[in-house]
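Listed below, chain by chain, are the residues.
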Amino acid sequence: HFITGGGDTLFVHVDFKLFVGRTDNQKQHMTKCVFDRIANLVDDDVAISILPIDMDTPNYLKRG
């Protein structure tokens, strides 16, 4: 369930996290690739937004 400010338009939003160090051009390319892939999976009337997020590497923990 969701509520948007502009009506009941369907949408897909993707946050993807990257380790710091990629250039803006690299992030733009990755964002465009993700966008294009999603656009091929949903109807044209579905809104799409993508946000790359730089991770704070010194404070990142992972198990496994």
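Predicted model, so just to flag it, every value in this text is computed and none were measured.

Colleague: Now, about the pattern of salt bridges: what can you tell me, with residues and values included?
Modeller: Under the definition given, this model contains three salt bridges. Between Asp54 and Lys27 there is a salt bridge, with the nearest N and O atoms lying 3.0 Å from each other. On the criterion of sequence distance, the pair formed by Asp54 in strand S2 (residues 47-55) and Lys27 in helix H1 (residues 24-39) is long-range, its members being 27 residues apart. For Lys27, a relative accessible area of 14% gives the class buried.

Colleague: Provide a residue-level description of the packing of aromatic side chains, including the pertinent values.
Modeller: Overall, the coordinates contain one aromatic pair when judged by the stated rule. Seen from their ring centres, Phe19 and Tyr60 are 5.2 Å apart, and the 85° between their planes marks the pair as edge-to-face. You can see Phe19 sitting in strand S1 (residues 11-19) and its partner Tyr60 sitting in the segment after S2, a full 41 residues away along the chain. A relative accessible area of 38% places Phe19 in the partly exposed class. Of the residues examined, Tyr60 reaches a relative accessible area of 37% and is grouped as partly exposed.

Cut-offs and rules
- Residues numbered from 1 in each chain as written.
- Predicted model: local features only at pLDDT ≥ 70, side-chain atom pairs only at ≥ 80, totals over all residues.
- Heavy atoms only, no water.
- Salt bridge = Lys/Arg side-chain N within 4 Å of Asp/Glu carboxyl O.
- Helix = DSSP H or I, 4+ residues; strand = E, 2+ residues; numbered from the N terminus.
- Buried < 20%, exposed > 50% of the residue type's maximum accessible area, 1.4 Å probe, protein only.
- Phe/Tyr/Trp six-rings, centres within 6.5 Å; stacked < 30°, edge-to-face > 60°.

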